[in-house]
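Architecture at a glance
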Amino acid sequence: MNVTIESSGNIVIAYLIGEIDHHTASAVREKIDNTLLFKKPNHLILDFRNVTFMDSSGIGLVMGRYRLLQSIYPTGSLEIKNVTPQTKKIMELAGLGRIAIIKEFKNEKN
């Protein structure tokens, strides 16, 4: 699992790459957290376009980043984009739809 991070103004975008599981989630968490604490954005986008596998650690990863974002910027917002329909369903069943906007993958640039 790897993550590439971009920021512009009050937005941070984390492009997740590879598998998200118990063994890889901590390094990704650390990199995103360090960026959030330094940049203090009001909007975080987690891009799942290049995620090939996700277990429950992915749900924890999203929830933890939301909590950190809220502690930095209480009215901050989270967006999860480019997920597969199956991953979107799992995220919604886990309650992530209440804390984030979840968008499915589309072929055109979104």
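Residues numbered from 1 in each chain as written. Predicted model: local features only at pLDDT ≥ 70, side-chain atom pairs only at ≥ 80, totals over all residues. Heavy atoms only, no water.

As a further point, take the overall build of the chain. Regarding its fold elements, the chain presents 3 helices and 5 strands. Put simply, the chain runs from its N terminus to its C terminus through helices and strands in the order β-β-α-β-α-β-α-β. The C-alpha radius of gyration of the chain comes to 13 Å, within 12% of the 13 Å expected for a compact globule of 110 residues. Referenced to the eigenvectors of the C-alpha coordinate spread, the extents of the chain come out at roughly 30 × 25 × 25 Å. Within the span of the chain, comprising 110 residues, buried residues form 43% of the whole. (Helix = DSSP H or I, 4+ residues; strand = E, 2+ residues; numbered from the N terminus. Rg over C-alpha atoms; globule rule 2.2 N^0.38 Å. Buried < 20%, exposed > 50% of the residue type's maximum accessible area, 1.4 Å probe, protein only.)

Turning our eyes to something else, we now look at unusual backbone geometry. Even without being a glycine, Lys-40 presents a positive backbone phi close to 50°. As for its position among the elements, Lys-40 is in the loop between helix H1 (25-39) and strand E3 (43-54).

Ranked by size, the top nonpolar core spans 25 residues in total, and within it Leu-16, Ile-32, Leu-46, Phe-48, Ile-80 and Met-91 carry the most contacts. Those residues in contact with Phe-48 that lie beyond four places of it in its chain are Leu-16, Ile-20, Met-54, Val-62, Ile-80, Lys-81, Asn-82, Val-83 and Met-91. (Core = buried A, V, L, I, M, F, W, Y, C linked by side-chain atoms within 4.5 Å. Contact = heavy atoms within 4.5 Å.)

Position of Leu-96 relative to the elements: it lies in the loop between helix H3 (85-93) and strand E5 (100-104). On the basis of relative accessibility, which here comes to 1%, the residue Leu-96 falls in the buried class. Linking Leu-96 and Thr-84, residues 12 residues apart in sequence, is a C-alpha distance of 15 Å.

Burial runs high along strand E4 (residues 77-83): 6 of the 7 residues are buried. With 5 bridges connecting them, E3 and E4 associate as parallel partners. The residue bridging Ile-45 from the neighbouring strand is Glu-79, located in E4. In this region the chain leaves E3, passes through helix H2 (residues 56-72) and returns to the parallel neighbour E4; the handedness of that crossover is right-handed. In this sheet, E5 lies alongside E4 in parallel orientation, the contact comprising 4 bridges. Within E5, the position partnered with Leu-78 by the bridge is Ala-100. Handedness of the β-α-β unit built from E4, H3 and E5 comes out right-handed. (Pairing = 2+ DSSP bridges. Right-handed = clockwise from strand over helix to strand, strands pointing away.)

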